[in-house]
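Analysis of the macromolecular model
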2 protein chains.
Amino acid sequence: MTITILGHNYIDGQRSAKGSITLQSLAAASGEAHPAAFYEATDAEVDAAVAAAVAAYPRYRKVPAEKRAAFLEAVADEIDALGDEFVTEVVRESGLPTGRIVGERSRTSGQMRLFAKVLRRGDFHGARIDRALPDRQPFARPDLRQVKMGIGPVAVFGASNFPLAFSVAGGDTAAALAAGCPVVVKAHTGHMVTSEQVADAIERAVARCGMPAGVFNMIYGVNVGARLVKADGIQAVGFTGSLKGGRALCDMAAARPQSIPVFAEMSSVNPVILLPQALKNRGAKIAGELAASVTMGCGQFCTNPGLVIGVRSPEMSEFVGQLKKAMASQTPQTMLTAATHANYSAGINRLRQLPGIEVLVTGDATGQQAAPHLFKANAALLLDPAAPLEDEVFGPATVVVELADREQLLAFAARMHGQLTATLQAERDDLLAHQDVIECLEQKVGRLLFNGYPTGVEVCDAMVHGGPYPATSDARGTSVGSLAIDRFLRPVCYQNYPDELLPPALQNANPLGLLRLVDGSMTQAAI
Amino acid sequence: MTITILGHNYIDGQRSAKGSITLQSLAAASGEAHPAAFYEATDAEVDAAVAAAVAAYPRYRKVPAEKRAAFLEAVADEIDALGDEFVTEVVRESGLPTGRIVGERSRTSGQMRLFAKVLRRGDFHGARIDRALPDRQPFARPDLRQVKMGIGPVAVFGASNFPLAFSVAGGDTAAALAAGCPVVVKAHTGHMVTSEQVADAIERAVARCGMPAGVFNMIYGVNVGARLVKADGIQAVGFTGSLKGGRALCDMAAARPQSIPVFAEMSSVNPVILLPQALKNRGAKIAGELAASVTMGCGQFCTNPGLVIGVRSPEMSEFVGQLKKAMASQTPQTMLTAATHANYSAGINRLRQLPGIEVLVTGDATGQQAAPHLFKANAALLLDPAAPLEDEVFGPATVVVELADREQLLAFAARMHGQLTATLQAERDDLLAHQDVIECLEQKVGRLLFNGYPTGVEVCDAMVHGGPYPATSDARGTSVGSLAIDRFLRPVCYQNYPDELLPPALQNANPLGLLRLVDGSMTQAAI
C-alpha cells in the first residue's frame, strides 16, 4: 500500500488548500523531491486554524483529565501503528537511520503516555483549598479554592532534528493537549511527509475519542509563522530551533497588543568539563565516548557537547590526542536538510576564523554529508566575554580547550552563558575539590550531569530540558518531561463558590482522589 | 523619639548618596514636604545595588529553607515592631486612615510568615526523583533528580496603593526572598519615608540573621527604573502599577540581550455581574455594599469594581437608583499622591466624553481629595471591541450598564479582556442558568467570586491575584498568596549525582522530610 500524501492544511478536522504557493519535501540524502505538493497556508487559512483552536478551547478544556488521558493514549496507539512504510518515509526525509526513527517513534508515543499518567495522577491540577473562617477577626476569611487550567490555544513549532519526538505529536503538542489546550502546529518544512502522516494519526485519535475537531490543526508554509504567533487567539508558543528563530518569535510575541509567553528552546553548547582524577583514570575511555556523543545523529542534538574543557596536564594533552584520533575515525553522515548543512558549513567557517583556534580534525564530505570537526581553542577565546565559543554549531563538531589552571576554569563557569546542560567528568574527589565551579554551573544550566554525556534526554518526571537564556527563552520551564505541562497552565481561584458547581478537583468530596493542599497541609481526604 | 530619615540608597548593607538629584516626600493631604532629602540613585549606584544582589545570590540561594524562614520571620517581627510614629508617617504620606495602615502592617508581616511556612512545608522545592534503571532496554535510565531553585536577583517595583503590603517588604519581596533571590527594590516616590523605615526593619533582620548584606537593596529616584530592569544581573521583575508603566517595563525586559520575565500586575476593572434572582432578593443590599466597595480606600485597589453589569428589568432599574443614592452619599477622600489624583481626574474626563455615557453621580473635591463618581453606559459601549469601559480608572468611580438581554451578557463575557477578578451576584438558580457566561469568565480572570466583593484579597495558599493580559503580563502567576513564590523559581536536574553532594531535598534519606515525586508516585519515604 502506498501512502497518499495530500499536502493540504489541517483546519478544524478538514483539509484546506486555498493557496497558490506550494512546497516540496526533499530527501535528505539525495535532495530528490517527493511528488506531493504541500500548500502553504494563506493568511485566511492561518486565521481559520487559529479560529478552530479558539472555538475548540472552551469544550476541550472541560474534557475531564481522564478523558484527555485516554485521548493521548489513543494518539500514542496511532503513532505506534504507523508502520514500515512510514518509517521509510521519515528516513528518506530526515536522513536519520532506521533504528533511530523506530526508537523515536516509541519515544513519541511514550511521551504521550507519560502525560496520560500525569493527567491521571492529578498533581498538575495544583488543587489548593483554604476553607472559610467565618469567625476570624478582624475579618472573616471567605472560602478560596485554586486549580490550574489550560492557558488557551498554543502554537507549536516543531524541531527539524526530532521529526517525531519534537514535532507534530512531540513534547510541546503532548504537553499542550494534556493541559487542555488546543494546538496549531506549524509543520517543519524539513519533514512534511512525516508531518502529514503523524497529523493523520492524531486526527484518527481525535475522531475515535470524540474530541472537538479543532483541538488539532496543522499548517504548512515558510511564511506562516509570524501570522500564527501574532494571531489574537494564540495564548502561548512552543518552539525548538535556532537562537535567531526563537528570538524572533519571542520579540513578535512580546510586541503583540496582548503579549504572550514563548517557550523557545534555542541554543546550547553543553560544555563537558574534564576534572583531573577522571582524566587520569579514564581519559582514553572518555575520548572515545565523547567522540561518539559528538557525532551521534550527525551531531544534530540540542544537547550535543560542543565544548570540552580541561586544565593543562600531561593527561589532558594525552586526552586531546586521543580525542583527535577518535574524532578523525568518525565518518561523515547525512544532515537533515540543505539548510542545516549550509548552517553547519557556515558555523565551521566561523570557528576556523576565530583568533586562537586550531583545526585538529577536518574533512570533506560530498553532497548533504557533514564531516566531523574538532577544534582546539586557547583559554582567552573561551574566556572572551562575547563568548564566541558558545555560539552553537549544529552538527558533528566540538571545540576542546586546555586551560592554564583551576582559576581559569572557575572564571569560565562564572562567565558562562545559560546552557541546557553541563557535564562533569569527575571522580568523587574531583567533585569535592570543585564545589565552587559546580555552584557556578548550577546557576547556568537546566541539567547538571555527573559523568555520562548530555545527548540522550530521558522523558520522565525529573527531567529538565531547559535553562537560562540563551538556552531557552524562559528558564522556568522544560520542554522535555512531565513538568512541561506547567508551561501551559494557569491558576484560577474560586471564592465562596457552591460546592457542586466547582471543578471536581476542588469539590469537598474530592471525587478525583487528589492529594490537595487544604488549609496549609497536603491531604487526600475529603473535607 | 523622632524618626531620623537619611534619604540615602541601600546598597549592600551600606548607605549611599552620591547623586545630586534629590526628591521630597509630600504629605498626601496637604502636599507639605517632609524635611528629608531623598537622593536619586546615580547610574553607578543602580549598578552597585544590582552588583550587590548578584554577589549575594550564590550565598543566599544556598541558605537552607529553614534559615530563610527564620529570616522572613525576623523581618515580620521587625515590621510588627514599627510603632505609632511609623504609622503616623505612613498615614501622612499615603493619606490612608490609621486603622487601614495598622491592618496593613499586620498583613505585611503575616505575608512574610506565610512564606516562612511555605519554606518549612517544602512543596516549593518541587522535588522529583526518577531512579536509575540500569537494566532497562534498549537503554539504561540514569538517575535523575529535579529541584527548584531561585532564579537570581529580582527587581521589585512597589505599588503606591499598599505602602506596606505591596511595597518594600511586600508580596513580591517576600516571594523573592523566600525563593532564595536577593532583591533590589525601587522605592515608590509616593512613600519614601515609609520605605526607608521598612528598609531599616529589613536590614535589622538581615544583620540579626547573618544574611549576606546584598540580599536586600533599595534605590530612590524617578529615573532609575529603566537602568534597573536593563541591568545584566537582574533575572526577573515584580511590578504593581499602571498598564502603561507595566507594559513599558515588559517591553524593556523583552528587548534585553537576555530577555527576562516581568510579573506586572497592571489593569483590571473587576466586573460585578448582577444576576436576576440576586437582584430580586437583595438589590438594595448589594447597592449599598457595592458603593462601599467602590469607595473603600478612595477606590485605590487593583480589585476595585469599576464595572457593574445587569440585564434590564424593573429590579435592575431600581438597583441603579439605589446605587446612585448610595454612591452620592459617599464623601470625598484624600488620594495617595498628586499624580494619582491627576490620573483620576483624567480618567473621569475620558469616561465623561465617551458616547453613550451618562453621569449619575459626580462631585467637586478640594485639593487632593477625590469625589466618588457613578456613570451609566449603554450596551454598545460595553460591547465595543475596543473596550473603552475596561480602561481602569484608579479611584472611587464605577460604571453601571443595563444590558438588553442575556445574550448581550454572554457576548460581553466572551469579548471581555483579561481581569484580576469577576464577581457574580447570584443565587444558586442564577448560576445554573448562566453556566455559559461563567465558563467565559473563567477563561478571562484570575479569581471568580460568588457574591462578596473583589476588594479584600486574602493572603493564603489558594489566592490568585493574577489573570490574563492586561490584568497582568503573565497569567501563569499570582502576586498575592503563597503560589507567588513560583514566579521566582526554576527547576534544575541532577543526573547520576553522588547522593551526599545532592541538595538535601533530593538526597536518598529525605532529610527534609519532603513529600516527593519518586518514580511517579508521591511519597514522604526515604529511598
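This is a predicted model, so every value here is computed, not measured.

**Observations concerning the domain arrangement of chain A**
All names here are of chain A. Along its sequence, chain A is carved into domain 1 (9-24 + 39-266 + 479-486) and domain 2 (272-450). Between the C-alpha centres of domain 1 and domain 2 the distance comes to 33 Å. Summed over the three residues of domain 1 that lose the most area to domain 2, namely Ser-160, Asn-161 and Glu-265, the buried surface amounts to 42% of that side. For the interface between domain 1 and domain 2, the tally reads 0 salt bridges.

**Examining the interface of chain A and chain B**
Often, the extent of an interface is quoted as the loss of accessible area upon association of its parts. The interface is formed by 76 residues belonging to chain A together with 76 residues belonging to chain B. A combined buried area of about 6,500 Å² lies between chain A and chain B, and 51% of that area is made up of carbon and sulfur atoms. The interface formed by chain A and chain B contains 12 salt bridges. Where chain A packs against chain B, one counts 50 residue pairs in polar contact (both at pLDDT 80 or more). The biggest single contributor to the side of chain A that touches chain B is strand β21 (residues 489-495) of chain A, with 7 residues. Of the residues belonging to the side of chain A that touches chain B, the class tally is 38 nonpolar, 11 polar and 27 charged. Alignment of β21(A) against strand β20 (residues 445-450) of chain B, held across 3 bridges, turns out to be parallel.

**A word on the UniProt feature "domain: Aldehyde dehydrogenase" (unreviewed entry) in chain A**
According to UniProt, the "domain: Aldehyde dehydrogenase" (unreviewed entry) feature falls on residues 36-457 of chain A. Across residues 36-457 of chain A, the secondary structure splits into 46% helix and 18% strand, with the terminal C-alpha atoms separated by 34 Å.

**Section: the sheet that holds strand β5 (residues 128-130) of chain A**
Within a sheet, neighbouring strands are paired by backbone hydrogen bonds and run either parallel or antiparallel to one another. Taking strand neighbours across the sheet as the criterion, the 12 strands line up as β23(A)-β22(A)-β5(A)-β6(A)-β21(A)-β20(B)-β19(B)-β12(B)-β13(B)-β18(B)-β17(B)-β15(B) in an open arrangement whose pairing is mixed. The sheet is open, and its two edges are formed by β23 (521-523) of chain A together with β15 (357-361) of chain B, each paired on a single side. Each strand of the sheet is rotated relative to its neighbour by a mean of 25 degrees, with strand direction disregarded. The strands touched by helix α9 (residues 276-295) of chain B within the sheet are β12 (272-274), β13 (307-311), β18 (397-403) and β19 (419-425) of chain B, with β12(B) carrying the most contacts at an inclination of about 150 degrees.

**A word on the relation of the copies chain A and chain B**
If you rotate chain A by 180 degrees and push it 0.0 Å along the axis, it lands on chain B with an RMSD of 0.0 Å. What we have between these two chains is a two-fold relation. When each C-alpha of chain A is compared by its distance to the rotation axis, A:Ala254 comes out closest, at 3.3 Å. Comparing interface residues between copies, 100% of those in chain A also lie at the interface in chain B; the contact surface is shared.

**A look at the pattern of salt bridges**
A complete count under the given rule lists 68 salt bridges over all chains for this structure. For B:Arg15, the salt bridge goes to B:Glu196, with nearest N and O atoms at 3.7 Å. One end of the pair, B:Arg15, is in strand β2 (residues 14-16); the other, B:Glu196, is in helix α6 (residues 192-209), with 181 residues separating them in the sequence. A relative accessible area of 1% means that B:Glu196 is categorised as buried. Shared partners join several salt bridges into a network, and the residues in it are A:Arg121, A:Asp123, A:Asp461 and B:Arg128.

**Focus: the side chain of B:Ser195**
Mapped onto the elements of the fold, B:Ser195 is located in helix α6. Contacts of B:Ser195, omitting those with residues within four sequence positions, involve B:Ser167, B:Val168, B:Ala187, B:His188 and B:Met218.

About the cut-offs
- Residues numbered from 1 in each chain as written.
- Chains lettered and ligands numbered in written order.
- Predicted model: local features only at pLDDT ≥ 70, side-chain atom pairs only at ≥ 80, totals over all residues.
- Heavy atoms only, no water.
- Domains from an automatic or database assignment.
- Buried area = accessible area lost by both parts, 1.4 Å probe.
- Salt bridge = Lys/Arg side-chain N within 4 Å of Asp/Glu carboxyl O.
- Contact = heavy atoms within 4.5 Å.
- Polar contact = N/O pair within 3.5 Å; in protein donor to acceptor, adjacent residues only side chain to side chain.
- Helix = DSSP H or I, 4+ residues; strand = E, 2+ residues; numbered from the N terminus.
- Nonpolar A, V, L, I, M, F, W, Y, C, P; charged D, E, K, R; others polar.
- Pairing = 2+ DSSP bridges.
- UniProt positions renumbered as here; feature names shortened; annotations may be inferred.
- Axes fitted to C-alpha atoms, helices over the stretch in contact; angles between N-to-C directions.
- Least-squares fit on C-alpha atoms with pLDDT ≥ 70 in both.
- Buried < 20%, exposed > 50% of the residue type's maximum accessible area, 1.4 Å probe, protein only.

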